[in-house]
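The primary structure of each chain is shown beneath.
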Amino acid sequence: MGFSCVRRLAVRMVQALAGLFPLDRQRIVFYAYKRKGFCCNPKYIALSLLKDFSGEYRLYWASAWPETVDCPSGCTVIRLGSLRFYYLCARAKLLVTNDKLDGFLCKRRGQLYMNTWHGGGAFKKAGLDAARNEGEAAAVRLWYGDMDYMLVSSLYLREAFSRAFSLPPERVLATGMPRSDVLLSPPSGIREAVRERYGFDAAVQVVLFAPTYSTDMNPVPLSGADCAAVLAALSRRFGGEWRMLSRSHYFDGDAPCTGFPGGTACCNDWYDAQELLCAVDVLITDYSSLLWDFTLLGRPAFRLAADPEGYGAEERGFYMPYGEWPYPHARTAAELAAQVAVYDAEYWRGRQEAFLRFVGNCDRGCSSRLAGEAVRKIMSDGERE
């Protein structure tokens, strides 16, 4: 018998043991899929529950890297995939995650699953909308088929995700992204803390380069010379001294940033991406939903993508054509430097505000509270038949 079979048998035995006991109506297990640290939407829902409903619930945060998680008192850290994790999940009334469910989980009668998703905007397709064949559609149904509730950032995504994940519209909750609250009320001292962590002078301005994940694993199209040119362009356009932070997608295994010039730092170890956004002055990405988050800050954002047509056709596809996204687009570093040079803040801000109105933006700075209240209602409504 192979290791995976032994593990599956052990998990099933633990779940069977847990099934002898009733669901714990005060227990909630959170996890942010394969991310390190205490982060993303589940983090901010947990914080809201601890603040607004202190003592009412027993909260657990599961991570494959528990040593990276700094949870406040009232939330216990456990190892994702451990036997204890499966026992606690089997006893919990509610599981909250930002992505697909652990494949070994067996949902019990009366148990509820909430998915917060891990991106705002209305950019990349998701769920069944992104499936390119029946095999991928079957995987979507396997990973998300037991979901009971989902949170979205806009009315546009409420309609799209209801279809994409086969959920009734009333179970797609347009609370906004809980993690977006921090963007509308940035933590005191976050700018200084990030500069201190990465050895930047307190006065310098910082651009974050954060490309999304691509299954073809093409190298990041930005060399050391390219970085230097972009930093020089930023200095000419906005003034002051500039430094760059580079962050890889967590699917890339937190691969270290290489080939960049002096004055550039890798910030993969700052696990809360929204805190990081609060601390930087400009964002460069390709297709990442960080664009949506950064829009809420009202700061300049640029897109660097060599082949958006190929990405749209071969990867997940887009809900809105890439050319209509309200951010400057460049295919090369030279084009990016040129876009920086002529950046019109008033024009692009106007386009972004029109976009937020068009999609029915629900991020208002109170999403964590609304999500926490939704959780409380779900927990108190009794078992769902």
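Structure: above.
None of the values given here were measured: they were computed from a predicted structure.

Trainee: Describe in detail the overall build of the protein chain, supporting the description with residues and values.
Mentor: Summing up its helical and strand segments, the protein chain has 14 helices and 13 strands in all. Computed over the C-alpha atoms, the radius of gyration of the protein chain is 21 Å, within 12% of the 21 Å expected from 2.2 N^0.38 for a compact globule of 385 residues. If you line up the protein chain on its principal axes, its C-alpha atoms span 65 × 45 × 40 Å. Counting every position in the protein chain, which comprises 385 residues, the buried fraction comes to 54%.

Trainee: So what about helix α7 (residues 190-197)? Which residues, and what values?
Mentor: Turning to α7, its buried residues number three or more, namely I190, V194 and R195. All buried residues of α7 lie within an arc of 135° about the axis, which places them on one face of the element.

Trainee: So what's going on with the pattern of salt bridges? Which residues, and what values?
Mentor: This model, assessed by the stated rule, comprises 19 salt bridges. One salt bridge connects D269 with R197, and the closest N-O pair in it is separated by 3.7 Å. Linking D269 in the loop between β10 (264-266) and α9 (273-279) with R197 in helix α7, this pair joins segments that are 72 residues apart in sequence. Classification of D269 by relative accessible area gives partly exposed; the value is 37%. Its relative accessible area of 43% is what places R197 among the partly exposed residues. The shortest N-O distance in the salt bridge between R369 and E373 comes to 3.2 Å. Highlighted residues: R369 and E373, both in helix α14 (residues 367-380), separated by four residues, approximately one helical turn. For E373, a relative accessible area of 37% puts it in the partly exposed group. Look at the salt bridges and you will find they share partners, linking D24, R27 and R58 into a network.

Trainee: I'd like a description of the sheet that holds strand β8 (residues 205-209), backed by residues and values.
Mentor: Strand order across the open sheet formed by six strands is β10-β9-β8-β11-β12-β13, with parallel pairing between neighbours. Every interior strand has two partners, whereas the edge strands, β10 and β13 (329-330), have only one. With three bridges joining them, β8 and strand β11 (residues 282-285) adopt parallel strand pairing. Bridge pairing in β11 places F209 opposite I284. Together, β8, β9 (242-246) and β11 form the strand contacts of helix α8 (residues 224-238), whose direction differs from that of β9 by roughly 135°. Where helix α12 (residues 333-341) meets the sheet, it contacts β11, β12 (301-304) and β13, and its direction lies at approximately 160° from that of β12.

Trainee: Give a detailed account of empty space enclosed by the protein, specifying residues and quantitative values.
Mentor: One pass over the structure, following the stated rule, counts one cavity of 30 Å³ or more. Secondary-structure elements contributing two or more residues to the lining of the largest cavity are β5 (112-115) and α4 (134-144). It is β5 that contributes the most residues to the lining of the largest cavity, three residues altogether.

Trainee: I'd love a proper account of the packing of aromatic side chains, names of residues and values included.
Mentor: In total, this model carries 25 aromatic pairs according to the counting rule given. Taking 6.0 Å as the distance between ring centres and 75° as the angle between the ring planes, the aromatic pair formed by W292 and F355 counts as edge-to-face. In this pair, W292 sits in helix α10 (residues 290-295) while F355 sits in helix α13 (residues 345-359), placing the two residues 63 residues apart along the sequence. Owing to a relative accessible area of 0%, W292 belongs among the buried residues under this scheme. Ring geometry for F302 versus Y343: centroids 5.1 Å apart, planes at 55°, classification tilted. Of this pair, F302 sits in strand β12 while Y343 sits in the loop between α12 and α13, placing them 41 residues apart in sequence. Owing to a relative accessible area of 1%, F302 belongs among the buried residues under this scheme. The ring of W65 carries K36 above its face, with NZ or CZ at 5.5 Å from the centroid.

What counts and what doesn't
- Residues numbered from 1 in each chain as written.
- Predicted model: local features only at pLDDT ≥ 70, side-chain atom pairs only at ≥ 80, totals over all residues.
- Heavy atoms only, no water.
- Helix = DSSP H or I, 4+ residues; strand = E, 2+ residues; numbered from the N terminus.
- Rg over C-alpha atoms; globule rule 2.2 N^0.38 Å.
- Buried < 20%, exposed > 50% of the residue type's maximum accessible area, 1.4 Å probe, protein only.
- Arc of directions from axis to C-beta.
- Salt bridge = Lys/Arg side-chain N within 4 Å of Asp/Glu carboxyl O.
- Pairing = 2+ DSSP bridges.
- Contact = heavy atoms within 4.5 Å.
- Axes fitted to C-alpha atoms, helices over the stretch in contact; angles between N-to-C directions.
- 1 Å grid on protein atoms, 1.4 Å probe; cavity = no way out; pocket = protein on both sides within 12 Å on 5 of 7 lines; lining within 4 Å.
- Points joined across faces, edges and corners; volume = space filled by probe spheres on them.
- Phe/Tyr/Trp six-rings, centres within 6.5 Å; stacked < 30°, edge-to-face > 60°.
- Lys NZ or Arg CZ within 6 Å of the ring centre and 35° of its normal.

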